[in-house]
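Chain and residue survey
For reference, the chains in residue letters:
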Amino acid sequence: MKKILLSLCLLPSVAFGADDCMTRQHVPSGELTLTEVINLGLCRNPQTASAYLAAESARLSKNAGYANYLPNVSASASGSQPYRNEEWGDWSWGASLSASYLIFDFGKRLADLNTLAATWRAAGFDYDESVQNYVYGVIGAYYALLNADADVESATALRAVAQTALDTAQKKFKAGAVAKADVLKAETTLASRDLNLERAKNNREIAKGTLLSKLSFAANDEIEIADMPSSFGSASENESIDELIDAARQRRPDLLRATANKDAAWHRRNSSFLKNLPSISASGSLTWNDTPAESFNVGSNHVSGSIGIRASMPIFAGFANVYGVRAAQANYDRAIEQERATQDNAVLDVFTAYQNYKTAQKVLTQSETLLKSATESERVTAGMYKVGRATMLDWQTAQSELVDAQKQNNAAKYDLFTKRAAVALAIGDIKAGLIRTEQQGDSNED
């Protein structure tokens, strides 16, 4: 999963050519697909970049843990000039080289290294979760903008219907077929449609600004995005809830992070216990001195050295080691419980997202039926009014029902897209969900 998301983060350089997306001041021209929008956002988003740097820091800390398997070597040099009885003596010079190597410590350094490695894995899964949450946020903003675009188109079309109604009422009033009240009602309806159109345009600007903000662009910039395939979300695509839960156990970053944190706590507990056991080290040193002959305690040898084996073991440290082991054990037990809680939450998330997605499928089907019925009803009522078999109130009622049906259908369509992305997020594989959506869109175009 981590490799998939990392490859997703590297796509912007391919999608947008040689331009550095970090230095862009404006959105690329042309119609952008959902994947292109996500890639652009991942390249610029500071939150995912911060999570990546945290994972990189953990990786470097893990690499530093290998230093315990290598010898420690240090060098020093010195120079001094004595001052006695108001006189300066001759300079003395010296240099030394020392080395030490940990031979055996009952596996403590291995436990420390495993702790750092598990912490690094946890940081990597935290980065994965940050990326997936960001991608899901971009998807929601993308669909919200498409919904707002659809609402503007619907409001424009419905305003045209209201204008037609007004024109018809005016003609019939001039012909003496209807009362002035019909014209006034039609004018009121047209004014209401104008207001709805302005509100739809305002909502569209807000949705556009929200998406641009998530991409780290100015909210007053312009962006053009592609619509999603019309055939989408059939019942045949649904997987069983058990399959989704199994996939979540293998892919969800928070579950994998909880397991990695538990592993880190286990190794940390072992390290705390092993700290109370002996350790054996080898050491050696080489020293050179150049001291004047008249100096006190000067030897005849300018070069000296030593080698040795050292064993050490803590005897008593004020019970700190005992309490440290107990604290590490408690932290390990807590990590186990946190892993269980995360698993329970993950199962609930998958179940909830699955049920919401199935409900969204049914709502979309029902809204399509409602829209079809409302459209036909408005068309028939309009024809009946023109021949004097319906009133303006009947036509206005049909128009209002058409407005509601159109809004519900727009909302249901893009809510289904969002609910499907929520299922992919719940199982921890939102990238695969995007790929399936694109493949389905390509097959629909073919």
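Presented here is an overview of the structure given in this document.

**What to know about the overall build of the protein**
The secondary structure content of the protein amounts to 11 helices and eight strands. Counting the 446 residues in the protein, one finds 38% classified as buried. In the protein, of all internal contacts separated by at least 6 residues, the share reaching a separation of at least 24 is 80%. For the protein, the accessible area works out to roughly 24800 Å², and carbon and sulfur atoms hold 55% of it.

**Looking at the sheet that holds strand 2 (residues 72–80)**
Taking strand neighbours across the sheet as the criterion, the four strands line up as 2-5-7-8 in an open arrangement whose pairing is antiparallel. A strand with exactly one partner marks an edge of an open sheet, and here the two such strands are strand 2 and strand 8 (303–312). The sheet shows a mean angle of 15 degrees between the axes of neighbouring strands, direction not considered. Pairing of strand 5 (residues 92–104) with strand 7 (residues 279–290) involves 11 bridges; the strand directions are antiparallel. Paired with Tyr 101 across the strands is Ala 282, a residue of strand 7.

**Things to note about the environment of Gln 47**
Looking at the secondary structure, you find Gln 47 in helix 4 (residues 46–64). Judged by its relative accessible area of 59%, Gln 47 falls in the exposed class. Separated by 80 residues in the primary sequence, Gln 47 and Tyr 127 place their C-alpha atoms 9.5 Å from one another.

**Observations regarding the nonpolar core**
For soluble globular proteins, the rule of thumb is that nonpolar side chains tend to be buried together. Formed by 39 residues in total, the largest nonpolar core has its most connected members in Tyr 142, Tyr 143, Leu 211 and Ile 223. For this core, the elements supplying multiple residues, two or more each, are helix 3 (34–44), helix 4, helix 5 (108–174), helix 6 (180–214) and helix 10 (392–426). Beyond its immediate sequence surroundings of up to four residues, Ile 223 is in contact with Val 27, Leu 32, Leu 145, Arg 204, Lys 208, Leu 211, Leu 212 and Leu 215. One finds Leu 244, Ile 245, Ala 412 and Ile 427 within the second-largest nonpolar core, a separate group that totals 15 residues.

**With respect to the environment of Ala 424**
By the element assignment, Ala 424 lies in helix 10. Its relative accessible area of 4% is what places Ala 424 among the buried residues. In the structure, Ala 424 is positioned 74 residues away from Val 350 in sequence and 8.9 Å away in space, judged by C-alpha atoms.

**As for the pattern of salt bridges**
Summed over all chains, the structure comprises 19 salt bridges. With a shortest N-O distance of 2.6 Å, Lys 419 and Asp 415 are connected by a salt bridge. Residue Lys 419 and its partner Asp 415 are located together in helix 10, separated by four residues, close to a single helical turn. Relative accessible area serves as the criterion here: at 22%, Lys 419 is assigned to the partly exposed category.

**Remarks on a nonpolar patch on the surface**
Together, Val 73, Trp 91, Trp 93, Leu 97, Leu 286, Trp 288 and Val 303 line one region of the surface with nonpolar side chains, adding up to about 730 Å² of accessible area. In this fold, Trp 288 is placed in strand 7. Look at Trp 288 and you get partly exposed, because its relative accessible area is 38%.

**Observations concerning the packing of aromatic side chains**
Enumeration over the complete set of coordinates arrives at nine aromatic pairs. A centroid spacing of 5.7 Å and a plane angle of 65 degrees characterise the contact between Tyr 52 and Tyr 127, whose relative ring orientation is edge-to-face. Here Tyr 52, found in helix 4, pairs with Tyr 127, found in helix 5; they are 75 residues apart in sequence, far enough to count as distant. Tyr 127 sits in the buried class, given a relative accessible area of 5%. Note on Phe 316 and Phe 319: the rings are 5.2 Å apart at their centroids and 85 degrees apart in plane angle, and the pair reads as edge-to-face. Each member of the pair, Phe 316 together with Phe 319, is exposed. Here the aromatic cluster, defined as three or more aromatic residues joined through ring pairs, consists of Tyr 142, Tyr 143, Tyr 414 and Phe 417.

**Some words on the pairing of strand 5**
Here strand 2 runs beside strand 5; their pairing, made up of nine bridges, is antiparallel. If you follow Asn 72 over to strand 5, its bridge partner there is Ser 100.

**So, the side chain of Ser 279**
Relative to the helices and strands, Ser 279 is located in strand 7. Setting aside residues up to four positions removed in sequence, Ser 279 forms contacts with Leu 102, Phe 104, Asp 105, Arg 310, Ala 311 and Ser 312.

**A word on helix 7 (residues 241–251)**
Restricting attention to buried positions, one finds in helix 7 the residues Leu 244, Ile 245, Ala 247 and Ala 248. Down the axis of helix 7, the buried set is contained in an arc of 160 degrees. They therefore lie on one face. Looking at helix 7, the residues exposed on the side facing more than 90 degrees away from the buried face are Asp 242, Arg 249 and Gln 250. The elements touched by buried residues of helix 7 are helix 8 (253–274), helix 9 (320–386) and helix 10.

**A look at helix 6**
Compared with the 51 Å implied by 1.5 Å per residue over 35 residues, the 52 Å span of helix 6 between its first and last C-alpha is a close match. Looking one or two residues past helix 6, Ser 216 carries a phi angle of roughly 65 degrees, positive in sign.

**What about the packing of helix 5 against helix 6?**
The interhelical angle for the contact between helix 5 and helix 6, taken along N-to-C directions, is 165 degrees, at an axis separation of 8 Å. Judged on the interaxial angle alone, helix 6 and helix 5 are roughly antiparallel. At the point where helix 5 passes helix 6, the crossing takes the left-handed sense. When its residues are assigned to classes, the contact of helix 5 with helix 6 shows 22 nonpolar, eight polar and 12 charged.

The rules behind the values
- Residues numbered from 1 in each chain as written.
- Predicted model: local features only at pLDDT ≥ 70, side-chain atom pairs only at ≥ 80, totals over all residues.
- Heavy atoms only, no water.
- Helix = DSSP H or I, 4+ residues; strand = E, 2+ residues; numbered from the N terminus.
- Buried < 20%, exposed > 50% of the residue type's maximum accessible area, 1.4 Å probe, protein only.
- Contact = heavy atoms within 4.5 Å.
- Areas by Shrake-Rupley, 256 points an atom, 1.4 Å probe, with all protein chains shown as cover.
- Pairing = 2+ DSSP bridges.
- Axes fitted to C-alpha atoms, helices over the stretch in contact; angles between N-to-C directions.
- Core = buried A, V, L, I, M, F, W, Y, C linked by side-chain atoms within 4.5 Å.
- Salt bridge = Lys/Arg side-chain N within 4 Å of Asp/Glu carboxyl O.
- Patch = residues over 30% accessible without salt bridge, like charges linked within 9 Å, V, L, I, M, F, W, Y side chains within 5 Å.
- Phe/Tyr/Trp six-rings, centres within 6.5 Å; stacked < 30°, edge-to-face > 60°.
- Arc of directions from axis to C-beta.
- Expected span 1.5 Å × (residues − 1).
- Parallel < 35°, antiparallel > 145°, perpendicular 65-115°, else oblique.
- Left-handed = near helix turned anticlockwise from the far one by under 90°.
- Nonpolar A, V, L, I, M, F, W, Y, C, P; charged D, E, K, R; others polar.

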